[in-house]
Each structure stands twice: as structure tokens, then as C-alpha cells.
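Coordinates in review
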Amino acid sequence: LRSSSRVQGDWGEMVLATILERAGLREGHEFFTQQSETTEDGARRRPDIVVELPGKQRLVIDSKVSLTAFERCVNAEEEEERGAALKQHLTSVRGHIKALGEKDYAQFYEGVSFTLMFVPLEGAASLALQNDPDVTVYAWERDVMIATPTTLMMAMRTVQNLWTIDRQNRNALDI
């Protein structure tokens, strides 16, 4: 995970898919990976996951891993080094939020009103939230919500329950 941001990104996407599957969602049915869309000006947008909900609603989830500065911060032996790494970590988290907000996935996916930014490491998210209390407001203003493995699992279990209720209702109508 220390080798490159690409390896970190792949790991985050794997954790994300595993959470969705453990919640009872099926790839190709209730969620889709790496769907690519093109803006009017030719720019490509490819969220990690698009989760389908009953009623043509959708959730867009993008995994963002900020391990480099986080790892330096938690392993720093000197306070000055820790402070510098913490600042870099907070800047990285805010940078991810800003970039996701600018992607405007709502223009491609009906029913999308925000993007879930999945941070696959609870400690990294916690460190950012504890040391930058305004980060959630910053994210909210950009239609981005921060999710950790714990909060994402709860949300995806809720989505799975919505699909179960929807299937039961459709079966009852058929009967």
C-alpha cells in the first residue's frame, strides 16, 4: 500500500466492493463498477461504484485513499514531523472532496443528489474529522458525504433492505 497511489486506489476499490457484497448487494444488479460517462466538453467521468435503488434513485460512491501522509502522521516520532504530515493529510482529504464535488455526477445519473466519498481506513477518516471539524461542512457544500467502512456498511444494508421490500411489494402485486 505504500508503493503507489494506484495500488492504494485499487485496495480502496476492493474494500468498497467487498462491503457492498457483504451487505447483500450484487454486482451487475444492485451496483455497477467503473461506469464511464463523458461530459459535453469530452471529459471522462468514471465513479468507482453506482448503486441502484428502487424508484430509479442512485448513489455514486468513489473510494479515496489518503494513506501516505496519514501513515507518516501516525508513525512520526517528533511533534513537528507529525504536525506537517497531519496538515498534508487534511489537505489531501479536502482535495479529494473538492475534486469529487467538481465531477457533478448528478448530470449523468438520475436521482443522484450527492456523492459518497468512501475512506476505506477508519483511522484516516477519524484523524481528518477530529482535526478539521469543518471538513464535513466543506464536503456538504460540495454535495459530498464522507463514508467509512462502518457507516457504509450500515447504509448498504439499508439499501439491501429497500430492495427486499421492493421485491416483496412487486411479488404481492403479481399475486
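Provided above is the structure to which this section pertains.
Rules of the game
Residues numbered from 1 in each chain as written. Predicted model: local features only at pLDDT ≥ 70, side-chain atom pairs only at ≥ 80, totals over all residues. Heavy atoms only, no water. Helix = DSSP H or I, 4+ residues; strand = E, 2+ residues; numbered from the N terminus. Buried < 20%, exposed > 50% of the residue type's maximum accessible area, 1.4 Å probe, protein only. Contact = heavy atoms within 4.5 Å. Areas by Shrake-Rupley, 256 points an atom, 1.4 Å probe, with all protein chains shown as cover. Lys, Arg positive; Asp, Glu negative; His and termini not counted. Charge placed at Lys NZ, Arg CZ, Asp CG, Glu CD. Core = buried A, V, L, I, M, F, W, Y, C linked by side-chain atoms within 4.5 Å. Pairing = 2+ DSSP bridges. Axes fitted to C-alpha atoms, helices over the stretch in contact; angles between N-to-C directions. Arc of directions from axis to C-beta.

**Observations regarding the overall build of the protein**
Looking only at helices and strands, the protein features six helices and seven strands. Along the chain direction, N to C, the helices and strands of the protein fall in the order α-β-β-β-β-β-α-α-β-α-α-β-α. Principal-axis analysis of the C-alpha atoms gives the protein an extent of 70 × 35 × 30 Å. Expressed as a percentage of the 175 residues in the protein, the buried residues total 39%. A fraction of 67% describes how many contacts in the protein between residues 6 or more apart in sequence connect residues 24 or more apart. As presented, the protein carries roughly 10,000 Å² of accessible surface, and 50% of it is formed by carbon and sulfur atoms. Taking the average place of the 20 positive charges on the side chains of the protein and the average place of its 27 negative ones, the gap between the two points comes to 3 Å.

**A few points about the nonpolar core**
Counting 25 residues, the largest nonpolar core has V60, V93, I97, Y105, Y109, M117 and V144 as its most contacted members. Elements with a contribution of two residues or more to this core: α2 (67-75), α3 (79-103), α4 (122-131) and α5 (135-141). A total of six residues in this core trace back to one element, the largest contributor, which is α3. Other than its neighbours up to four places away in sequence, Y105 contacts R45, R46, P47, V60, D62, L100, V112 and T115. Listed in part, the 19 residues of the second largest apolar core include I49, L53, L59 and I61.

**Observations concerning unusual backbone geometry**
Residues other than glycine seldom take positive phi values, yet K56 does so here, at roughly 60°. Considering the arrangement of structural elements, one finds K56 in the loop between β4 (49-53) and β5 (57-63). Backbone geometry at D143 places phi at a positive 55°, although glycine is not the residue there. Here D143 is to be found in the loop between α5 and β7 (144-147). Exposure remark for D143: the relative accessible area of 44% places this residue in the partly exposed category.

**Section: the sheet that holds strand β1 (residues 31-33)**
If you trace the five strands from one edge of the open sheet to the other, you get β1-β4-β5-β6-β7, paired in mixed fashion. At either margin of the open sheet sits one strand with a lone partner, and together these are β1 and β7. Along the sheet, successive strands turn relative to each other by an average axial angle of 25°, direction set aside. Bridging between β5 and strand β6 (residues 115-118) involves four bridges; their strand directions are parallel.

**Things to note about α2**
All of the buried residues in α2 are L67, A69, F70 and C73. End-on view of α2: buried residues confined to an arc of 165°, all on one side of the axis.

**As for α4**
Here α4 has its buried residues at A124, A125, L127 and A128. On an axial view of α4, the arc spanned by its buried residues comes to 160°, and they lie on one face. Each element contacted by the buried residues of α4 is listed here: α2, α3 and α5.

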